[in-house]
Amino acid sequence: MKLNMRPLLLACIMLAGAPLVRAAGQQQKDYLSAVEADKIRDAETPNERIKLFLNFADDRLKKFQYELEHPTSNRHADMLNSLLNAYIGCVDDAADLIQLGLEKQDNIRQGIDLMTSRAKEFLAVLEKISTDGPEREIYKDNLDDAIEGTRDAMNDAKKAKKKVAPPPVRRKN
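Just so it is clear, the model here is predicted, and its values are computed rather than measured. (Residues numbered from 1 in each chain as written. Predicted model: local features only at pLDDT ≥ 70, side-chain atom pairs only at ≥ 80, totals over all residues. Heavy atoms only, no water.)

**Notes on the pattern of salt bridges**
Alright, step 1. For the structure shown, the criterion picks out 10 salt bridges.
Alright, step 2. Ionic pairing is found between R60 and D59, a salt bridge with its closest N-O pair at 3.4 Å.
Alright, step 3. Residue classification places D59 among the partly exposed residues on the basis of a relative accessible area of 27%.
Alright, step 4. Taken together, the salt bridges that share partners define one network made up of E36, D59, R60 and K63. (Salt bridge = Lys/Arg side-chain N within 4 Å of Asp/Glu carboxyl O. Buried < 20%, exposed > 50% of the residue type's maximum accessible area, 1.4 Å probe, protein only.)

Rendered as structure tokens:
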């Protein structure tokens, strides 16, 4: 009887461990490449992570603009929508890092300033695409989400700037 229980026990252990292995492989954001995810993981400070996410968002936005100007014949609509979704994810993650930095009372002034300035640039590009962009009906919903998400991130950064502790001041004796 004991010999018959070993294979059953081994099978149960293997089946129970399969979801854990699958979950460990899914922790990477689906809109980041493996190299980009490694860069985020290797960044030592929240400011560096915010900067990386904003650079990745800028990259996605530039790729979106390029795709609008040079449409591909296959899966053009999917490409446009996936680039906008990736842009939104990067901006949202940068905004989340700012909120987390505030909660942890990290020195994120540099990241907040970067978010404020870059979000203004992103918003100008998105609004221009919203008014002048070709084939707007293909990506209109995602574009509206991107504009709203960028505005929210910029407003959150402005609010965070007021909440973050002022920089230390050196006093002269």
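Following the structure, the description resumes.
**What to know about unusual backbone geometry**
Alright, step 1. Unlike most non-glycine residues, Q105 shows phi in positive territory, near 60 degrees.
Alright, step 2. By the element assignment, Q105 lies in the loop between α4 (76-104) and α5 (109-132).
Alright, step 3. Given the relative accessible area of 72%, Q105 is considered exposed.
Alright, step 4. Phi at E135 takes a positive value of approximately 55 degrees, unusual for a residue other than glycine. (Helix = DSSP H or I, 4+ residues; strand = E, 2+ residues; numbered from the N terminus.)

**Some points on the side chain of N81**
Alright, step 1. Among the secondary structure elements, N81 is positioned in helix α4.
Alright, step 2. We classify N81 as buried; its relative accessible area is 17%.
Alright, step 3. Discounting chain neighbours no more than four positions away, the residues touching N81 are I138, Y139 and N142. (Contact = heavy atoms within 4.5 Å.)

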